[in-house]
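# Observations on the three-dimensional arrangement
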Protein chains: 2
Amino acid sequence: MARNSTATRALLLKAATDEFAQHGIAGARVDRIAAAAGYNKNMLYVHFGSKDALFDIVFEAAVAEIVDAVPFTADDLPGYAGRLFDFHFSHPQLMRLARWHSLERGVANADLAAIAKANSAKSKALAAAQAAGAVRAELPPGLLITLVVSMATAWSEGTPEPVTTAGRAAVTARRKAVVQAVEQLTTSRS
Amino acid sequence: MARNSTATRALLLKAATDEFAQHGIAGARVDRIAAAAGYNKNMLYVHFGSKDALFDIVFEAAVAEIVDAVPFTADDLPGYAGRLFDFHFSHPQLMRLARWHSLERGVANADLAAIAKANSAKSKALAAAQAAGAVRAELPPGLLITLVVSMATAWSEGTPEPVTTAGRAAVTARRKAVVQAVEQLTTSRS
DNA sequence: CTTCGCTGACTAACCGGTCAGCTACTACGC
DNA sequence: GCGTAGTAGCTGACCGGTTAGTCAGCGAAG
């Protein structure tokens, strides 16, 4: 009953994010999204055009959220890994979204350019840090970044951990292991 | 026209593996599987019962193939990582299958037991290797295994790399990076 | 009274699953 | 060797439920 376009759009987007994160593109149901948001299905088409277009919008918003929530620090890779770990742990949906995207959409040419650009910026910063001696230079910067990200996200399966005491302890142990491993990859041998 | 049950079953299973690897459970189409195998859709139901049951069978076969194709060697983690990398590079479907499974099926209780069992066997072997001084003991064995596997599979997105000279070079560079990284995690500091 | 936000009802296509029945192969009586 | 009955393998046609997407129109706000 709000009769407010921007608020409606936000509610639909939120509901769509949940639905896509849980079921993917093929498994998502437009009716379910509309119902969860408390609107009629048609509003989705008024605002976003189609199911596929909606997924694109949802996904881009998620990526933007990740990118500016955890900034890249070339001279502190362990810290970066730790923050990435934390973010994905507290936002399991976004990780699921990314995985659905890679499976159902593949890596399109348009994405490749964006990824390459973002990656080369990070690589360049990391290469500089390596040249300055702040980071061990044994691994090529581009590959090192991928390995670090991979380890930081190794445990994010989308299903949130039970919040028991034991569960929490396991999570902090994992976080510590990730940070420690990245330290071993980036610190010069004594 | 073969009129041969076992051969038919194998053909259907092959087609189903391709279809599920590419589209997941929700995105897979039974008609497409049957057509790809050169049979009528009904054969799928005669042999496998339902789409979901078919996926289970496909998935279990894939897991079995991975497990006995690349054996775990606690005292040579870099080698294990390299072999895992190679296998997933040459069998991109199986990795996709595993990812579809984790997204669409989640981690069910039945799986948890099997995973825990397989993991604890590996952990135990790795802990022994660490105690013997063959592997650096800085990281807990269970966590170390996950990190290693995660790095070894960091690049398997399911889309096979173009087989250009440049593509091949990039792949070998990645493989080298993985092995090297695992070495750094497992070799004692000099 | 006009416009924006919104709804309920509808549809055409799709999709998993079923069923009656056809066809080729086998076994067996002669 | 030869019909013939039985059966396993297989097919095309069908069905009911579901789903993305559409459309005409209603009601509130300015």
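Bear in mind that the values here come from a model prediction, so they are computed numbers and not experimental data.

## Thoughts on the overall build of chain A
The secondary structure content of chain A amounts to nine helices and zero strands. In chain A, the succession of α and β elements from N to C terminus is α-α-α-α-α-α-α-α-α. Viewed in the frame of its principal axes, chain A has a C-alpha envelope of about 65 × 45 × 30 Å. Restricting the contact set of chain A to residue pairs at least 6 apart, pairs at least 24 apart contribute 65%. Distance between charge centres in chain A, computed from 20 positive and 17 negative side chains, equals 2 Å.

## A word on helix 8 (residues 141–152) of chain B
For helix 8 of chain B, with twelve residues, the first-to-last C-alpha span of 16 Å sits near the 16 Å given by 1.5 Å per residue. Regarding helix 8 of chain B, the residues found buried are Leu143, Leu144, Ile145, Leu147, Val148, Ser150, Met151 and Ala152 of chain B.

## Let's talk about the confidence of the model for chain A
The share of residues in chain A with pLDDT of 70 or more is 91%, and the mean pLDDT across the chain is 88. Least confident of the elements in chain A is helix 7 (residues 109–131) of chain A, whose mean pLDDT is 82; most confident is helix 2 (residues 30–37) of chain A, at 96.

## A few points about the packing of aromatic side chains
A complete count under the given rule lists seven aromatic pairs over all chains for this structure. When the centroid spacing of 6.1 Å and the interplanar angle of 55° are considered together, the rings of Trp100 of chain A and Trp100 of chain B count as tilted. Taken together, the residues span two chains, with Trp100 of chain A in helix 6 (residues 92–104) and Trp100 of chain B in helix 6 (residues 92–104). Using a relative accessible area of 1% as the deciding quantity, one classes Trp100 of chain B as buried. Members of the aromatic cluster, joined through ring pairs, are Phe20, Phe55 and Phe59 of chain A.

## Concerning the domain arrangement of chain A
Residue and element names in this part refer to chain A. Considered domain by domain, chain A is made up of domain 1 (1–55) and domain 2 (70–186). A separation of 30 Å is found between the C-alpha centroids of domain 1 and domain 2. Of the residues lining the interface, eleven residues belong to domain 1; the matching set on domain 2 comes to seven residues. Together, Ala21, Ile25 and Phe55 form the three largest contributors to the area buried by domain 1 at its contact with domain 2, with a combined 53%. Seen at the junction of domain 1 and domain 2, the total is one salt bridge. A salt bridge links Arg105 to Asp52, with the shortest nitrogen-to-oxygen separation between them at 2.9 Å. At the boundary of domain 1 with domain 2, the tally comes to eight residue pairs in polar contact (both at pLDDT 80 or more). Breaking the side of domain 1 that touches domain 2 down by element, the ones donating at least two residues are helix 1 (5–27) and helix 4 (51–69). Among the elements that take part in the side of domain 1 that touches domain 2, helix 1 stands out by supplying nine residues, more than any other. For the side of domain 1 that touches domain 2, the class distribution of residues is five nonpolar, four polar and two charged.

## Comments concerning the interface of chain B and chain A
Opposite the 32 residues of chain B that make contact, chain A presents 32 residues. Between chain B and chain A, a total of about 3,100 Å² is buried, with carbon and sulfur atoms accounting for 63% of that surface. Linking chain B with chain A are zero salt bridges. Counting across the interface, chain B meets chain A through eleven residue pairs in polar contact (both at pLDDT 80 or more). If one sorts the elements of the side of chain B that touches chain A by residue count, helix 9 (residues 165–186) of chain B sits on top with eight residues. A per-class count over the side of chain B that touches chain A returns 15 nonpolar, nine polar and eight charged.

## A word on the pattern of salt bridges
All names here are of chain A. Tallied over the entire structure, the rule returns 14 salt bridges over all chains. Measuring nitrogen to oxygen at the nearest pair gives 3.5 Å for the salt bridge that ties Asp31 to Lys41. Of the two residues, Asp31 is situated in helix 2 and Lys41 in helix 3 (residues 41–48); the sequence distance between them amounts to ten residues. Take Asp31: its relative accessible area is 46%, and that puts it in the partly exposed class. Look at the salt bridges and you will find they share partners, linking Asp52, Asp56 and Arg105 into a network.

## With respect to the relation of the copies chain B and chain A
Under the fitted operation, chain B is carried onto chain A by 0.0 Å of movement along the axis and a turn of 180°, and the coordinates agree to an RMSD of 0.2 Å. When the rotation and shift are considered jointly, the pair of chain copies conforms to a two-fold rotation axis. When the interface residues of chain B are mapped onto chain A, 100% of them again fall at the interface, so both copies present the same face.

Definitions and limits used
- Residues numbered from 1 in each chain as written.
- Chains lettered and ligands numbered in written order.
- Predicted model: local features only at pLDDT ≥ 70, side-chain atom pairs only at ≥ 80, totals over all residues.
- Heavy atoms only, no water.
- Helix = DSSP H or I, 4+ residues; strand = E, 2+ residues; numbered from the N terminus.
- Contact = heavy atoms within 4.5 Å.
- Lys, Arg positive; Asp, Glu negative; His and termini not counted.
- Charge placed at Lys NZ, Arg CZ, Asp CG, Glu CD.
- Expected span 1.5 Å × (residues − 1).
- Buried < 20%, exposed > 50% of the residue type's maximum accessible area, 1.4 Å probe, protein only.
- pLDDT = per-residue confidence, 0-100.
- Phe/Tyr/Trp six-rings, centres within 6.5 Å; stacked < 30°, edge-to-face > 60°.
- Domains from an automatic or database assignment.
- Buried area = accessible area lost by both parts, 1.4 Å probe.
- Salt bridge = Lys/Arg side-chain N within 4 Å of Asp/Glu carboxyl O.
- Polar contact = N/O pair within 3.5 Å; in protein donor to acceptor, adjacent residues only side chain to side chain.
- Nonpolar A, V, L, I, M, F, W, Y, C, P; charged D, E, K, R; others polar.
- Least-squares fit on C-alpha atoms with pLDDT ≥ 70 in both.

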